[in-house]
Structures are given as structure tokens and as C-alpha cells.
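Notes for the structure review
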Amino acid sequence: MSRAQISALVFGVGGFGALVAATASNEWKVTTRASSVITATWVYQGLWMNCAGYIQACRGLMIAAVSLGFFGSIFALFGMKCTKVGGSDKAKAKIACLAGIVFILSGLCSMTGCSLYANKITTEFFDPLYVEQKYELGAALFIGWAGASLCIIGGVIFCFSISDNNKPPRMGYAYNGATSVLSSRTKYHGAEGGFKTTNPSKQFDKNAYV
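Quantities reported herein were computed from a predicted structural model and do not represent experimental measurements.

Definitions and cut-offs
- Residues numbered from 1 in each chain as written.
- Predicted model: local features only at pLDDT ≥ 70, side-chain atom pairs only at ≥ 80, totals over all residues.
- Heavy atoms only, no water.
- Helix = DSSP H or I, 4+ residues; strand = E, 2+ residues; numbered from the N terminus.
- Buried < 20%, exposed > 50% of the residue type's maximum accessible area, 1.4 Å probe, protein only.
- Contact = heavy atoms within 4.5 Å.
- Areas by Shrake-Rupley, 256 points an atom, 1.4 Å probe, with all protein chains shown as cover.
- Axes fitted to C-alpha atoms, helices over the stretch in contact; angles between N-to-C directions.
- Left-handed = near helix turned anticlockwise from the far one by under 90°.
- Nonpolar A, V, L, I, M, F, W, Y, C, P; charged D, E, K, R; others polar.
- Salt bridge = Lys/Arg side-chain N within 4 Å of Asp/Glu carboxyl O.
- UniProt positions renumbered as here; feature names shortened; annotations may be inferred.
- Phe/Tyr/Trp six-rings, centres within 6.5 Å; stacked < 30°, edge-to-face > 60°.
- Lys NZ or Arg CZ within 6 Å of the ring centre and 35° of its normal.

1. Quick word on the overall build of the chain
Secondary structure assignment for the chain yields six helices and five strands. Considering the chain as a whole, with its 210 residues, one finds that 31% of them fall into the buried category. Long-range contacts, defined as pairs at least 24 residues apart, comprise 69% of the intrachain contacts of the chain with a sequence gap of at least 6. For the chain, the computed accessible surface area is about 13500 Å², with 65% contributed by carbon and sulfur atoms.

2. Some remarks on the packing of helix H1 (residues 3-24) against helix H4 (residues 89-125)
The description of two packed helices rests on the angle between their axes and on the distance between the axes. Taken N-terminus to C-terminus, the directions of H1 and H4 make an angle of 35°; their axes are 11 Å apart at the nearest point. Remark: the crossing between H1 and H4 carries left-handed chirality. Contacts from Gln 5, Gly 12, Val 13 and Leu 19 of H1 reach H4 at Ala 96, Phe 103, Ser 106 and Ser 110. Tallied by class, residues from the contact of H1 with H4 come to four nonpolar, four polar and no charged.

3. Re the pattern of salt bridges
A pair can form between side chains of opposite charge whenever their charged atoms are brought close. Applying the stated criterion across every chain, the model contains one salt bridge. For Lys 120, the salt bridge goes to Glu 124, with nearest N and O atoms at 3.9 Å. Of the two residues, Lys 120 and Glu 124 both sit in helix H4, four residues apart, roughly one turn of that helix. Judged by relative accessible area, which is 15%, Glu 124 ranks as buried.

4. Comments concerning the environment of Gly 144
For Gly 144, the position within the fold is in helix H5 (residues 139-160). Counting along the chain gives 29 residues from Gly 144 to Ser 115, while the straight-line C-alpha distance between them is 9.5 Å. Contact partners of Gly 144, with chain neighbours within four places excluded, come to Leu 19, Ala 22, Ser 110 and Cys 114.

5. Overview of the UniProt feature "transmembrane region" (unreviewed entry) in the chain
Those residues carrying the UniProt feature "transmembrane region" (unreviewed entry) are residues 6-24, 61-83, 95-118 and 138-162 in this numbering. Between the first and last C-alpha atoms of residues 61-83 the distance is 32 Å; the span itself is 83% helix and 0% strand. Annotated as 92% helix and 0% strand, the span residues 138-162 places its first and last C-alpha atoms 38 Å apart.

6. Here we look at the packing of aromatic side chains
Scanning the entire structure with this criterion turns up six aromatic pairs. Measuring from centroid to centroid gives 5.5 Å for Phe 70 and Phe 71, while their planes differ by 75°, and the two rings are edge-to-face. We classify Phe 70 as partly exposed; its relative accessible area is 44%. Residues Phe 103 and Phe 158 carry aromatic rings whose centres are separated by 6.3 Å and whose planes lie at 10° to one another, so their mutual orientation is stacked. Here Phe 158 lies in helix H5 and Phe 103 lies in helix H4, a separation of 55 residues in the sequence. With respect to burial, Phe 103 and Phe 158 carry one shared label: buried. One aromatic cluster in this structure is built from Trp 28, Tyr 54 and Tyr 117. Above the plane of the ring of Tyr 135 lies Lys 29, whose end atom (NZ or CZ) is 4.4 Å from the centre.

Right under this line is the structure:
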């Protein structure tokens, strides 16, 4: 079981859950603190409470991000080494890489949608000529950015995990025991035609050195 793939799956699925929560949330923008003091109420707005053009664009991007995150999670499960589906290791590696690409696309869609929405809010907030109700960044935007980051990180890890799947398996080596050590004794041919072993230091008489 690959730890990299497990980490990628956790990031990807966690990011997908955050994208779903951000898309369904109505806290994409909230009235500023200054206006809340006057009205004594808090007003929230999300993607499904306004029909402005940029809202529709952000809505489409977030729907695309959620859809891609769903398919990325399915592909990730098929590409995991620990699952029995998906075919051979090479096929699983390709599926895992595809899951990584889909997760990255999902994160980019969410990041773009949240950034467009936030840019519109900040532009209106700092515009001195804008006299209508001004809003601040809501919690859903930060959840969307966090989910997008998790999806991108998980996708990158999945793409790099393909190298782990392509590594050849380690070959085992049988232990043959300790190698035999040649004896210091040498063999010489005896008078009876047999072979005898003797210590080479005893083959010479002491008189040979005189």
C-alpha cells in the first residue's frame, strides 16, 4: 500500500468535501461591520441568491469543480494499489495519474470561481463611487480556497505516485550459508597413490635450514 496515494486520496476527498460545502453555502459575502451597526442585522448572500452575470460564471465554475472532484475521487479509488479493481499495476498507474489531473482541474476551477467572486466584492468595497450595499468576504470563499488547495495538492501527489507504481519489484536473494574457507593444509601424493593432508609447515625438516 502506497503512503503517497493514501495522502493524495485524503487531500483529494477532503478538498472535494470542502468544495461541496462552499458551493452549497450562502455565506459567500456578508454585509460590512459598518452597515451592520446601522441596520443591526447581518445579510448573507451565496451563489444561488443572485442572478448577476459574474455570479452565473462563478456558479458554473463551482459546479464544474464539484463534478470533477467527484469523478476524481472515483478514479482515485480505482487507481489505488490496495484495491483489487483497475487491472494491472500499469493500468492502475495510468488511472491514478488521470485522477490527479482531474483533481488539479477541479481545484483550478474552484480557485478561479472563488477568486472572481472575491474580486467583485473587493472592487465594490473599495470603490468610493459605489453607493449601494457593500459586502465583505464570506466564510464560504475561504472554504472554497482551502478545498481548491487540497485538491491541487492531492492531484500533484497522485501524478507523482505513478513513478512508485512503475518501479520494478525487489528481487529476493537466497541465503546459501557461510562460504567454505580453504584449509591451510595442502594435499600431497603419498606412496600408496592416495592423497593425504598435512600442514605445509611440517613438510620440511629442521635440518633443511642448516
